[in-house]
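Understanding the architecture of this molecule
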Amino acid sequence: MLFRTGRILPFLLLLLNRAESASPAPLRVDGLITAVFTPFDTNGDLDLAKVADQAAWLNATGVHWAFVAGTTGESLKLTADERKSVLEEWERVAPKYGISLIAHVGAESTRNAQDLARHAAEHGVKAIAWMPPSFFRPASTKALALTMKSVADVVPNFPVYFYHIPSMTNVAFNDGMLGLAQAAEDVGMQNFAGVKYTGLYTYPGLMDAGLLHNYADGKYDVMSGREDMMIECLSLGIHGFVGSQFNVVGDLFNELKAAFDRGNLTVARNLQQLGSSFIKAWQSSVESGMDGNKNVFNVMKGGVSVGPSRLPSVPISAESKANLEKNLLAWCNTNGVEGWPMRAKICSGARA
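Residues numbered from 1 in each chain as written. Predicted model: local features only at pLDDT ≥ 70, side-chain atom pairs only at ≥ 80, totals over all residues. Heavy atoms only, no water.

**Observations regarding the overall build of the protein chain**
The line we're drawing: Each helix corresponds to a stretch of at least 4 residues labelled H or I by DSSP, and each strand to a stretch of at least 2 residues labelled E; elements are numbered beginning at the N terminus. Each radius of gyration reported is based on C-alpha atoms, and the globular scaling rule is 2.2 Å times the count of residues to the power 0.38. Throughout, exposure labels follow a simple rule: accessible area from a 1.4 Å probe, protein chains only, divided by the maximum for the residue type, with under 20% read as buried, over 50% as exposed, and the rest as partly exposed. A contact between two residues is defined here by any heavy atoms of the two lying within 4.5 Å. Areas reported here follow the Shrake-Rupley algorithm with a probe of radius 1.4 Å; residue values treat only the protein chains shown as occluding. By the counting rule applied here, Lys and Arg register as positive and Asp and Glu as negative, while His and the ends of each chain are not counted. Charge placement uses NZ in Lys and CZ in Arg. For Asp and Glu, CG and CD serve respectively.
Helix and strand counts for the protein chain stand at 14 helices and eight strands. The globule rule puts the C-alpha radius of gyration for 352 residues at 20 Å, and the 21 Å found for the protein chain is close to it. Dimensions along the principal axes, computed over C-alpha positions, put the protein chain at roughly 85 × 45 × 40 Å. Sorting the 352 residues of the protein chain into buried and exposed places 54% on the buried side. A fraction of 76% describes how many contacts in the protein chain between residues 6 or more apart in sequence connect residues 24 or more apart. Entry remark: accessible area of the protein chain is about 15600 Å², with carbon and sulfur atoms responsible for 53%. Of the side chains in the protein chain, 31 bear a positive and 33 a negative charge, and the two mean positions are spaced by 3 Å.

Right under this line is the structure:
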């Protein structure tokens, strides 16, 4: 008998070890993950034929991960069925271009998020990311952890990342993401993998990202969601980066990371400055409410036209389009851009 032989403690330890080993491991991506655009036609309907072109572009620029239907992908502007269709198309084309997938499943309805998570688990993803509801928002870190767990529990064999973007969700607490990780442990969430940390501008921000990165000997994965803070995050030991700029200039940011890894901080700083000025070029080009980021691809002569953004993002005006073309060409003449491999395609002019 187990109790009579004094083996109960070793037996319980064995069960505990098995339970811990069954928890899916964080991805630990060392490199770039593109938050991909969702392509639309001129009527605002999905244009899934463009996904293969997007995947080919990512491959050409050395990016091998796609974050599907996040903020850049206009997730909450899509129906649940559209989000599923987009992911299924990425699942179809990704293997040809060596791309791995992370699906974002955040939704205003937790039941919808659970449904999207189940679907993602059946369609080729390596991990799942979840953004909290922003109307009926969790009111505390514990409420946030319990809500996240309710989604994660339907995909127990997949690592689940919290997508922290308080600029959009208004969900942020003083104990930060370290507090969320600890709360996830307290409520018994087994497949919490870490955080896609876009809220680096919001207190406790970068400090919190570093604390979470080092918590419990690096138990959890922190992915930066801010391209313009790549050097800052690399200095903390963070090596995974999710960004929308990688749709266009992924190879530039790949070289930035490579320069940092080589210890060449001067080159890394110069490249981060170029990356930041690229962001500024499109941000300063368009009127409020227009998606300058997505329209970069649409005005590039050699790029992939991914169509307009859906309302409430308003269509780009002729004046803003002309400003965008002008500012992109000015960026192309910036010192340092001349050595960029994709310059010939992006900087050769605008679409007619």
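**Regarding helix α8 (residues 205-214)**
For the α-helix, the turn length of 3.6 residues means that residues three or four positions removed from each other point alike. Those residues of α8 that sit buried are Gly-205, Asp-208, Ala-209, Gly-210, Leu-212 and His-213. Tucked inside the fold, the buried residues of α8 contact α7 (176-186), β6 (192-197) and β7 (221-224). One or two positions beyond α8, positive phi appears at Ala-216, with a value near 50 degrees.

**Things to note about helix α13 (residues 318-332)**
Heads up, the condition is: Take the number of residues in a helix, subtract one, and multiply by 1.5 Å to get its expected span. The directions from the helix axis to the C-beta atoms form the arc being described.
Over its 15 residues, α13 extends 21 Å from the first C-alpha to the last, a length consistent with the 21 Å expected when each residue adds 1.5 Å. Turning to α13, its buried residues number three or more, namely Ser-320, Leu-324, Asn-327, Leu-328, Trp-331 and Cys-332. All buried residues of α13 project into a common sector of 145 degrees when viewed along the axis, lining one side. Exposed side chains of α13 directed beyond 90 degrees from the buried face belong to Ala-318, Glu-319 and Lys-326.

**Points about the pattern of salt bridges**
Formally: For this analysis, a salt bridge means a side-chain nitrogen from Lys or Arg found within 4 Å of a carboxyl oxygen belonging to Asp or Glu.
Under the defined criterion, the tally for this structure stands at 11 salt bridges. With a closest N to O distance of 3.0 Å, Glu-255 and Arg-262 form a salt bridge. Here Glu-255 falls in the partly exposed class, since its relative accessible area comes to 33%. On the accessibility criterion, Arg-262 (52% relative accessible area) is exposed. Via salt bridges that share partners, Asp-30, Lys-257 and Asp-261 belong to a single interconnected network.

**Observations concerning the nonpolar core**
Selection criterion: What we call a nonpolar core is a set of buried Ala, Val, Leu, Ile, Met, Phe, Trp, Tyr and Cys residues that are connected through their side-chain atoms within 4.5 Å.
Residues Val-68, Trp-90, Ile-99, Leu-101, Ile-128, Phe-162 and Phe-192 are the most contacted members of the largest nonpolar core, which totals 92 residues. Here the element with the most residues in this core is helix α10 (residues 246-262); it accounts for eight residues. Look past the residues within four positions of Phe-192 in its chain and what remains in contact with it is Met-148, Val-160, Phe-162, Ala-181, Ala-184 and Tyr-220.

**What about the confidence of the model for the protein chain?**
Threshold: Residue-level confidence of the predictor is summarised by pLDDT, bounded by 0 at the bottom and 100 at the top.
Residues of the protein chain with pLDDT of at least 70 account for 91%, and the chain-wide mean is 92. Considering only residues more than four positions removed or in separate chains, one finds that residues 10-21, a stretch of pLDDT under 50, has one contact.

**What about the packing of aromatic side chains?**
In plain terms, the rule: Ring geometry is summarised as follows: Phe, Tyr and Trp rings, the Trp one being its six-membered ring, pair when their centres sit within 6.5 Å, and such pairs are stacked at plane angles under 30 degrees, edge-to-face over 60 and tilted between the two. Ring-over charges, as used throughout, are those where CZ of Arg or NZ of Lys falls within 6 Å of the ring centre and within 35 degrees of the ring normal.
Applying the stated criterion to the full structure yields nine aromatic pairs. Between the aromatic rings of Tyr-215 and Tyr-220, the centroid separation amounts to 6.2 Å while the plane-to-plane angle is 10 degrees, which identifies the pairing as stacked. Taken together, the ring pairs connect Phe-37, Trp-57 and Phe-297 into an aromatic cluster. For Lys-196, the ring lying beneath its charged end belongs to Phe-67, and the centroid distance is 5.4 Å.

**Regarding the side chain of Arg-83**
Along the polypeptide, Arg-83 turns up in helix α3 (residues 80-93). Buried Arg-83, no salt bridge; nearest opposite-charge side chain is Glu-108, N-O distance 8.6 Å. The contact partners of Arg-83, leaving out residues within four places of it in the chain, are Ala-69, Ser-75, Leu-76, Leu-78, His-104, Val-105, Gly-106, Ala-107 and Leu-116.

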